[in-house]
Amino acid sequence: MKFRIKMTLCMLSLLSVLFGAGGSLLIAESFQDTLEREKEAAFASCRMVWTALQIVNGLDPYLDGDALAQTMDQLYEQDRTGWAALRLRTEKDTLYSVETGAARLLQSKELPKPGSCLFDIAADADGARYLLLHSAVETSGDVLYLQTAHDISALYTTRQNQQQTYLRIFSVMVLLCAALSYTVSKALTRPLAGLSQASRAIASGSFSSRAPVLSEDEIGAVSADFNAMAAQMEETISQLHQAVERQERFVGSFAHEMKTPMTSLIGYAELLRSGTLTPDEQSEATGYIYSEGKRLENLSRKLLELLVLKRGDLPLVEVSPADLIGELVERLRPLFAKTGVTLSSDCRKGTCYLEPDLVWSLLLNLTDNAQKALVQGGHIRYQCDMLDDGCRIQVADNGRGIPAGALDHLTEAFYRVDKARSRKQGGFGLGLALCQEIALLHNGSIAFANQPAGGACVTVELRGGRP
């Protein structure tokens, strides 16, 4: 059952209970008030009769039945419409009686005590309703009983008419309430339909689907939260797809990196086994096997370093980045001078928390990439600035720069901008991936950019904290 149908049925149930109970109580209260007024009128008529009889009895101390009957007849003639039946009697005899259809209803089995009265309601064979009043007064040593019947059929007819009118109004109200409540429920639940449609669309693979936010109430808040969840899920799935693509590229690159040296190793090993090589050829073959073995050793070491860094549980110590960079420059300057590469540094003094061996490896990898980008000499410049929670290191060169399409892939394992040149220079495409892991270990980041004057600049922020 749809939610809008449930809401409609709930509204109809509440209307039926509240409106039905309220209307019934109102009609019952109105009927009871009218009945009480009829009782008061009947009691007033009875009191008037007793007053007249007391006057007659006061003039004649001896009870005269004929005089009482004459007085009762006069009273009845004065208010014929007020009584449906009238009877005056003693405990044994009837002194006066108006014999009508309601007279038989006055045959009471219980007579009231002197000075009191009893009310009763009775119906005749035709269904007419009467209000019966029995009263008693003691006079001249005897007890007189006055019994009257008043037609109150109109009162019951009025109540029946009110109930019928109320039933018609109630039926119309139920129909109107059903139509209005269904319309309102449909309008209120329209955002839920949009939310359900968006959910089905996302389940079918359309992760960009969103639910319409039509209000600022709780349903609108749920729709907004759903959209936020869908956006986050879409981003997560996109990241998973990218991770799968990177993993596929990683496996392909790893297989390619392993295939070339392994093919060479197997080929030269077969030549050595054949025993047909000259001493010079044997020396060349063993040298190639050694170089390719070292290449595989370096590859396994780089992969192991990546796996170790991903654990992220290495301790940090207080280190001066300026001293670390200064020592690196002094060590590399003589070596790079042979190839026409110059080094310079501009570092601010200060200390922060680093893992010195990893930062040293990071600087070496960045320097190695900068050197490979240089053409026939060049310049590599280091700059270090202190931050509130660490340091910022920049390594810039005036080489070839970075192609725009490669900027987003530089930190992927085995990715190389110039595959032929990098392989010839002995690279695996793992250096910048290591640099990124080292930066993440220090709660930092690494960014790559081309310089307007030529060359590239790598900015590394290491936010391991400061003492």
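Residues numbered from 1 in each chain as written. Predicted model: local features only at pLDDT ≥ 70, side-chain atom pairs only at ≥ 80, totals over all residues. Heavy atoms only, no water.

Strands sit in the order β2-β1-β5-β4-β3 across an open sheet of 5 strands; the sheet is antiparallel. Two strands close off the open sheet at either side, each with one partner strand: β2 (94–98) and β3 (117–123). On average, each strand axis in the sheet is tilted by 15 degrees relative to the strand beside it, whichever way the strands run. Relative to strand β5 (residues 142–151), strand β1 (residues 85–89) runs antiparallel, the two sharing 5 bridges. When the bridges of β5 are listed, Leu 88 appears paired with Leu 146. (Pairing = 2+ DSSP bridges. Helix = DSSP H or I, 4+ residues; strand = E, 2+ residues; numbered from the N terminus. Axes fitted to C-alpha atoms, helices over the stretch in contact; angles between N-to-C directions.)

What follows concerns the pairing of strand β10 (residues 390–397). Counting buried positions over the 8 residues of β10 gives 6, a clear majority of the element. The sheet contact formed by strand β9 (residues 378–387) and β10 spans 8 bridges and is antiparallel. The residue of β10 that forms the bridge with Ile 380 is Asp 397. Taking the residues between adjacent antiparallel strands as the criterion, β9 and β10 are bridged by 2 residues. Here β10 runs beside strand β12 (residues 456–462); their pairing, made up of 6 bridges, is antiparallel. Following the sheet pairing, Cys 391 is matched in β12 by Leu 462. (Buried < 20%, exposed > 50% of the residue type's maximum accessible area, 1.4 Å probe, protein only.)

Now for the packing of aromatic side chains. Centre distance and the angle of the planes are the two values used to describe a pair of aromatic rings. Applying the stated criterion across every chain, the model contains 4 aromatic pairs. Ring geometry for Phe 19 and Tyr 166: centres 5.5 Å apart, planes at 25 degrees, overall stacked. You can see Phe 19 sitting in helix α1 (residues 3–59) and its partner Tyr 166 sitting in helix α3 (residues 153–203), a full 147 residues away along the chain. Classification of Tyr 166 by relative accessible area gives buried; the value is 17%. With a centroid separation of 5.8 Å and 10 degrees between ring planes, the pair formed by Phe 19 and Phe 170 is classed as stacked. In this pair, Phe 19 is assigned in helix α1 and Phe 170 in helix α3, connecting sequence segments 151 residues apart. Note on Phe 19: relative accessible area 27%, which makes it partly exposed. According to the relative accessible area criterion, Phe 170 is buried, its value standing at 17%. The ring of Tyr 156 has Arg 129 sitting right over it, with the charged end atom 4.7 Å from the ring centre. (Phe/Tyr/Trp six-rings, centres within 6.5 Å; stacked < 30°, edge-to-face > 60°. Lys NZ or Arg CZ within 6 Å of the ring centre and 35° of its normal.)

Where like charges cluster on the molecular surface, the negative patch consists of Glu 29, Asp 33, Glu 36 and Glu 40. One can find Glu 40 in helix α1. Note on Glu 40: relative accessible area 56%, which makes it exposed. (Patch = residues over 30% accessible without salt bridge, like charges linked within 9 Å, V, L, I, M, F, W, Y side chains within 5 Å. Areas by Shrake-Rupley, 256 points an atom, 1.4 Å probe, with all protein chains shown as cover. Salt bridge = Lys/Arg side-chain N within 4 Å of Asp/Glu carboxyl O. Lys, Arg positive; Asp, Glu negative; His and termini not counted. Charge placed at Lys NZ, Arg CZ, Asp CG, Glu CD.)

Our next topic: the nonpolar core. Counting 38 residues, the largest nonpolar core has Leu 366, Ile 380 and Tyr 382 as the members making the most contacts within it. The leading source of residues in this core is helix α7 (residues 356–373), at 7 residues. Within the second largest apolar cluster, 26 residues are counted, among which are Leu 68, Trp 83, Val 137 and Leu 144. (Core = buried A, V, L, I, M, F, W, Y, C linked by side-chain atoms within 4.5 Å.)

Looking now at α7. In an α-helix, one turn spans 3.6 residues, which is why side chains three or four residues apart end up on the same side. Over its 18 residues, α7 extends 26 Å from the first C-alpha to the last, a length consistent with the 26 Å expected when each residue adds 1.5 Å. All of the buried residues in α7 are Leu 358, Val 359, Trp 360, Ser 361, Leu 362, Leu 363, Asn 365, Leu 366, Thr 367, Ala 370, Lys 372 and Ala 373. (Expected span 1.5 Å × (residues − 1).)

The subject of this paragraph is the pattern of salt bridges. One pass over the structure, following the stated rule, counts 11 salt bridges. For Lys 372, the salt bridge is made with Asp 368, and the minimal N-O distance between the two is 3.0 Å. Of this pair, Lys 372 and Asp 368 both sit in helix α7, 4 residues apart, which is roughly one turn of the helix. For Asp 368, a relative accessible area of 31% gives the class partly exposed. A salt bridge links Glu 461 to Arg 463; the shortest N-O distance between them is 2.8 Å. For Arg 463, a relative accessible area of 29% gives the class partly exposed. In the salt-bridge network here, residues are joined through shared partners; they are Asp 389, Arg 392, Glu 461 and Arg 463.

Attention now goes to a nonpolar patch on the surface. On the surface, Met 1, Ile 5, Leu 9 and Tyr 182 cluster together to form a nonpolar patch covering roughly 390 Å² of accessible area. Relative to the helices and strands, Tyr 182 is located in helix α3. Exposure remark for Tyr 182: the relative accessible area of 33% places this residue in the partly exposed category.

For helix α6 (residues 321–337), with 17 residues, the first-to-last C-alpha span of 24 Å sits near the 24 Å given by 1.5 Å per residue. At Arg 331, α6 shows its largest kink, close to 30 degrees, and the proline Pro 334 lies no more than four residues downstream. Listed as buried for α6 are Pro 321, Ala 322, Leu 324, Ile 325, Leu 328, Val 329, Leu 332 and Phe 336. Against the buried residues of α6 lie β6 (317–319), β7 (341–347), β8 (352–354), α7, β9 and β10. (Bend = angle between axes of the 7 residues up to and from the residue. Contact = heavy atoms within 4.5 Å.)

This paragraph deals with the environment of Leu 75. Here Leu 75 is to be found in helix α2 (residues 65–78). Separated by 27 residues in the primary sequence, Leu 75 and Met 48 have C-alpha atoms spaced 9.1 Å apart. Aside from chain neighbours lying at most four places away, what touches Leu 75 is Val 49, Ala 52 and Trp 83.

With that settled, consider the side chain of Asn 227. Within the secondary structure layout, Asn 227 lies in helix α4 (residues 218–274). If we skip the residues at most four places from it in the chain, Asn 227 touches Arg 210, Ala 211 and Val 213.

A word on the confidence of the model for the chain. For the chain, the average pLDDT comes to 79, and 83% of its residues sit at 70 or higher. Considering only residues more than four positions removed or in separate chains, one finds that residues 419–429, a stretch of pLDDT under 50, has 24 contacts. (pLDDT = per-residue confidence, 0-100.)

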